[in-house]
Amino acid sequence: MRPFTFVRPSAADEAVRAVAGDPEAVFLAGGTDLVDHLRLGVARLALVVDVRTATSREVTGASNGGLRIGVAATNSELAADRRVREHYPVLAQALLSGARGQLRNMATSGGNPLQRRVPCSRWEIRHTLFRT
Amino acid sequence: MAAAGQWLVCGRARQVTGRPNLAHAHRGRRKVDGSSLRAEPVPGAVQAEVTLRVDGRTHQPTIDTRTSLLDALRERVGNTSPKKGCDHGQCGACTVLLDRERVLSCLALAVAHDGAEVRRADGLTAGEALHPVQQAFIDHDAVQCGYCAPGQICSAVGMLQEAKRGWPSHVTADLAGDPELTDAEIAERMSGNLCRCGAYMNIVSAVRSAGGA
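What counts, and at which threshold
- Numbers given to residues run from 1 along each chain, matching the order in which its sequence is written.
- By the order in which they are written, chains take letters starting at A while ligands take numbers starting at 1.
- Owing to the predicted nature of the model, reporting of local features is limited to residues with pLDDT of at least 70; listing and counting of side-chain atom pairs is limited to 80 or more, with chain, interface and lining totals taken over all residues.
- Only hydrogens and water are set aside; all other atoms, that is, all heavy atoms of the structure, feed into the side-chain values.
- Here an angle of 0 to 180 degrees is reported between the N-to-C directions of two axes, which are lines fitted to C-alpha atoms, with helices fitted over the stretch in contact.
- The way it works is that DSSP assigns letters per residue, a run of H or I at least four long becomes a helix, a run of E at least two long becomes a strand, and they are numbered from the N terminus.
- Here roughly perpendicular refers to angles of 65 to 115 degrees, roughly parallel to angles under 35, roughly antiparallel to angles over 145, and oblique to all remaining angles.
- Crossing handedness: left-handed means the near helix sits turned counterclockwise from the far one by under a right angle, and right-handed means the same turn made clockwise.
- The criterion used for residue contact is that any of the two residues' heavy atoms lie within 4.5 Å.
- Following the grouping adopted for this structure description, the nonpolar residues are Ala, Val, Leu, Ile, Met, Phe, Trp, Tyr, Cys and Pro, the charged ones are Asp, Glu, Lys and Arg, and the polar ones are all others, Gly among them.
- To sort residues, take the accessible area from a 1.4 Å probe on protein chains only and compare it with the maximum for the residue type: under 20% means buried, over 50% means exposed, and anything in between is partly exposed.
- Pairing between strands requires that DSSP locate at least two bridges from one strand to the other.
- pLDDT is a per-residue confidence score from the predictor, ranging from 0 to 100.
- Note: buried area is the sum, over both parts, of the accessible area (probe 1.4 Å) each one loses when the two are combined.
- Any Lys or Arg side-chain nitrogen found within 4 Å of a carboxyl oxygen on Asp or Glu counts as a salt bridge.
- Definition of a polar contact: a pair of N or O atoms within 3.5 Å, with one able to donate and the other able to accept a hydrogen when the atoms are protein atoms, and with sequence-neighbouring residues admitted only if both atoms are side-chain atoms.

This paragraph deals with the packing of helix α2 (residues 132-139) of chain B against helix α3 (residues 149-164) of chain B. Residues and elements named next belong to chain B. Two numbers describe how α2 lies on α3: the axes approach to 9 Å, and their chain directions differ by 125°. Viewed along their axes, α2 and α3 adopt a mutual orientation that is oblique. The interaxial crossing formed by α2 with α3 has right-handed handedness. Contacts between α2 and α3 involve Val-133, Gln-134 and Phe-137 from the first element and Gln-152, Ile-153, Ala-156, Val-157 and Leu-160 from the second. For the contact of α2 with α3, the class distribution of residues is 6 nonpolar, 2 polar and no charged.

Turning our attention to the pairing of strand β3 (residues 47-50) of chain A. Residue and element names in this part refer to chain A. In β3, alternate side chains face the same way, and those of Leu-47 and Val-49 on one face and Val-48 and Asp-50 on the other are all buried. Relative to β3, strand β1 (residues 5-7) runs parallel, the two sharing 3 bridges. Looking at β3, one finds that Val-7 is bridged to Val-49. Two strands pair when backbone bridges link them, and strand β2 (residues 25-28) and β3 are joined in this way by 4 bridges, in the parallel orientation. Across the sheet, the residue bridging to Leu-28 is Asp-50, located in β3.

Residue and element names in this part refer to chain B. With 81% of its residues at a pLDDT of 70 or more, chain B has an overall mean of 86. Counted against residues more than four places away or in other chains, residues 1-36, with its pLDDT under 50, gives 29 contacts. Scoring of the predicted complex yields 0.85 for pTM and 0.90 for ipTM.

Contact with chain A, which involves 37 residues of that partner, is made by 41 residues of chain B. Carbon and sulfur atoms supply 60% of the area buried between chain A and chain B, which totals about 3100 Å² over both sides. Interface area lost by chain A to chain B is led by Arg-39, Arg-85 and Gln-102 of chain A, which between them contribute 21%. Taken together, the connections running from chain A to chain B amount to 2 salt bridges. The residue Arg-82 of chain A makes a salt bridge to Asp-178 of chain B at a minimum N-O spacing of 2.6 Å. Scanning the region where chain A abuts chain B turns up 18 residue pairs in polar contact (both at pLDDT 80 or more). Of all the secondary-structure elements, those providing two or more residues to the side of chain A that touches chain B are β1, α2 (34-40), α3 (75-80), α4 (82-87), α5 (89-97), α6 (101-104) and α8 (121-130) of chain A. By residue number, the principal contributor to the side of chain A that touches chain B is α5 of chain A, which donates 5 residues. Of the residues assigned to the side of chain A that touches chain B, the class counts are 16 nonpolar, 10 polar and 11 charged.

This is the structure in structure tokens:
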């Protein structure tokens with residue numbers, strides 16, 4: 001794993017400024033995907049910006065009747081939210097179908113769409129075994 | 001098909017001559033007490049000081065930013081209760097309670113959890129008294145080799161809290177209601193912890209008993 005600098009800004013705009021325009025900088029939240037990719041050498045970064053302090057973990061009611069989901073809300077918290085379970089059961093089911101309890105306690109709503117999934121597991125295995 | 005005396009390693013046959021030399025397995029074995037493991041920074045490494053409160057004791061190791069919470073606990077804090085199984089978030093052997101929630105310490109960067117409170121399986125005791133989950137694992141013989149047990153126990157403690165809060169699982173039929181801790185619920189909620197001895201039946205019994213206590 002390549003050495004990297006770690007920062008945890010307290011404001012969202014600071015975090016955005018740190019990552020913007022730097023191809024070797026990345027946002028970190030739960031780390032379930034990123035940490036493994038750093039270890040495998042799939043992700044090679046110089047700056048890791050932890051955004052859990054700079055973002056919200058809350059799930060709140062939105063003015064249009066929907067829900068506003070904080071970036072740092074974990075998959076577990078979101079799936080367990082009563083409003084999600086009652087009004088958006090497909091979302092709760094989807095979250096509960098993915099991974100396991102310990103991972104859902106770490107993985108976040110913001111990190112989920114930012115995952116840089118590798119194209120296929122064969123490629124990942126190749127990387128792991130042969131470091132190509 | 002590999003001929004006798006050959007191992008198939010990733011599709012390539014490797015000739016094995018004589019008995020494998022296991023001497024290296026014992027070479028470089030170190031005493032794990034924290035103080036003997038002051039890792040020297042490697043060239044180019046970025047170091048950071050982190051504060052970790054582990055089982056009620058504060059530790060402030062200076063670590064490489066790349067260190068996982070698991071490695072920080074095992075190599076720097078000096079307690080090998082959390083186990084390194086796969087180191088990829090698949091086996092659950094490294095499960096600890098991080099700020100009271102069960103997580104995989106192999107996928108957490110130690111530097112990202114500065115100031116966190118960590119509880120490991122062996123830190124669950126209250127003085128001499130075992131935690132109800134620890135006692136249940138003994139009573140129900142939920143351990144064979146024991147390698148996965150610290151992770152299983154931390155996971156069970158976290159999982160019982162989650163169930164108590166009414167958190168649903170993938171097998172909860174009525175998402176809007178409060179889940180009942182059936183054996184199917186226990187098996188699903190504990191599915192992040194692998195046991196290669198296959199002690200699953202007794203683990204389910206132990207968790208069921210600890211959950212009812």
